[in-house]
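Report on the structure
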Amino acid sequence: SFSPRGDRWIREGEGLRLGLRATPGADVRAYAPDGGVIQFLPDTSPTARSWGELAFSLDVTTEEEPSPKVTDRYVAWWTGRLGPDPDIVMAPGFLPEPSDSTWLEVEAVFGVDTARARWPLRLGLVDVNHPLLVVVNDDQTGSGLTDRILAGRPSPWGTYQWFFPNGTLARVTGRWDDQIRLQLSETSSAWVDGSGVYPLPPGTPPPVGVARSLRLTPGAEYVSLRIPLPGRVPFQVHEAETSVLVTLYGVAADMDWIQYGGTDPFVELITFAQPKEDEVSVEVELSNRVWGYRTRWIGNDLVLDIRRPPSIDRQRPLAGRNIAVDAGHPPGGSIGPTGTPESAVTLAIARKIKELLEEHGAAVTLVRDSDAPVGLYERIESAEAAGAELLVSIHANALPDGVNPFTNSGTSVYYFYPRSAELAREVNRS
């Protein structure tokens, strides 16, 4: 039960929390090959509930659980290398022989009994003086079957916070197995899947410089903001109810000139700021609600397309709306207690939803209308090709282990963007 395991690379001076489980009341320590000793202490913090309970259980604990006086959990703090050398940060992994003496050895002593184990961790250091630059490319085989976007997370395997288009450049400052840490600016970083980036030749410098004059181009279905940059730097888009904020990393601002391209009633104001030395923010304030956006590169110019909201008839709000209904799975999916696959249930529901929506005047696209498997990328592409204004995906989830389905059941609706919250509430309420 060692944590962490696998291969990790950190910056010099960066600490790492080590945790394990052993006999309660034991003396636990680890011995490094250089003679160093890591003393572990009992972790007496309250035991965390499982993620399944936290996410799906309807039982709410009102009293705080007392901290255990005796625990089988032990923790320590470490900085520096550990275990066999994992090579440079983007090197392919290798497995030393089990007899390799450079592994960290852990020892637990309880009375006259002693247990020993080898910690399955290789901890290396990133050379920050000679940073390695990588480029985002989620389709390195050239299949054309990807969305050309790589999701970034604030922690390994965490929640999506960034969406980097192919071609984006960034420095590597850490790695945990197949998760790569990109340094966006001096104070901001993001974790991405290693399969979506590849290294540039050592010594390649990151793009630096200033973001200059902005240009807005009104269109029939959207308005486009073009931001000239010194290179394809990382960025983040954050939307509020009536505004879109773009944060640019690794650059400075010189945006005194903003060309609005005439007066467009959808755009009220464009502003920029330099909250940090190497981070720039550009905000587009709108006169109406956000109905979606898209980002793309044209050379080194970042283009932000903001979709215009449709004109809705309050008497028949679904009339003329273009809606994509996605029957979740296959591939994958749960199997019910009678052997019914989730994909059959979701397809039956999706077909009924299509019938109900069309009765109210909506144009409906069924992303999947057969038992044939459909990939995630193909589902999004199908909805976009149809010009869908809304995309609803249907699932029949299985509860995690440890959650009682007889006392925890019902309907849940998931959304990512704030513009979707109102629709999610209405679906859940009905």
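An account of the accompanying structure is given in this report. (Residues numbered from 1 in each chain as written. Predicted model: local features only at pLDDT ≥ 70, side-chain atom pairs only at ≥ 80, totals over all residues. Heavy atoms only, no water.)

**A closer look at the side chain of Asn137**
For Asn137, the position within the fold is in the loop between strand E10 (132–136) and strand E11 (149–152). Among the polar contacts made by the side chain of Asn137, one reaches the main-chain amide nitrogen of Asp139 at a distance of 2.9 Å. Sequence-distant contacts of Asn137, defined by excluding residues within four places in its chain, comprise Asn166, Ser195, Gly196, Val197 and Tyr198. (Helix = DSSP H or I, 4+ residues; strand = E, 2+ residues; numbered from the N terminus. Polar contact = N/O pair within 3.5 Å; in protein donor to acceptor, adjacent residues only side chain to side chain. Contact = heavy atoms within 4.5 Å.)

**Thoughts on the nonpolar core**
With 27 residues, the main nonpolar core has Leu225, Ile227 and Leu248 as its most contacted residues. Going through the elements one at a time, strand E18 (214–218), strand E19 (222–228), strand E20 (235–239), strand E21 (243–249), strand E24 (267–276), strand E25 (279–286) and strand E27 (301–307) are the ones with two or more residues in this core. Looking at this core element by element, the count peaks at 4 residues for E25. Those residues in contact with Leu225 that sit more than four places away from it in its chain are Leu214, Arg215, Leu216, Ile270, Val282, Val284, Leu302, Val303 and Leu304. Leu16, Ala32, Phe40 and Leu121 belong to the second-largest nonpolar core, a separate cluster that totals 22 residues. (Core = buried A, V, L, I, M, F, W, Y, C linked by side-chain atoms within 4.5 Å. Buried < 20%, exposed > 50% of the residue type's maximum accessible area, 1.4 Å probe, protein only.)

**Quick notes on the environment of Asn397**
Its place among the elements puts Asn397 in the loop between strand E30 (390–394) and helix H4 (421–429). In the structure, Asn397 is positioned 155 residues away from Thr242 in sequence and 33 Å away in space, judged by C-alpha atoms. Asn397 has contacts with Glu342 and Tyr414, leaving out every residue within four places of it along the chain.

**Quick look at helix H3 (residues 376–385)**
All buried positions along H3 are accounted for by Tyr377, Arg379 and Ala383. Burial along H3 is one-sided: seen end-on, the buried residues are contained in an arc of 160°. Looking at the buried positions of H3, the neighbouring elements they touch are strand E28 (322–327) and E30. Phi turns positive one or two residues past the end of H3, at Gly387, with a value near 70°. (Arc of directions from axis to C-beta.)

**With respect to the layout of surface pockets**
Volume-wise, the second largest pocket comes out at about 250 Å³. Forming the walls of the second largest pocket are 14 residues, and the residues nearest its centre are Ile88, Val89, Asp127, His130 and Leu132. Per-class residue counts for the lining of the second largest pocket are 11 nonpolar, 2 polar and 1 charged. (1 Å grid on protein atoms, 1.4 Å probe; cavity = no way out; pocket = protein on both sides within 12 Å on 5 of 7 lines; lining within 4 Å. Points joined across faces, edges and corners; volume = space filled by probe spheres on them. Nonpolar A, V, L, I, M, F, W, Y, C, P; charged D, E, K, R; others polar.)

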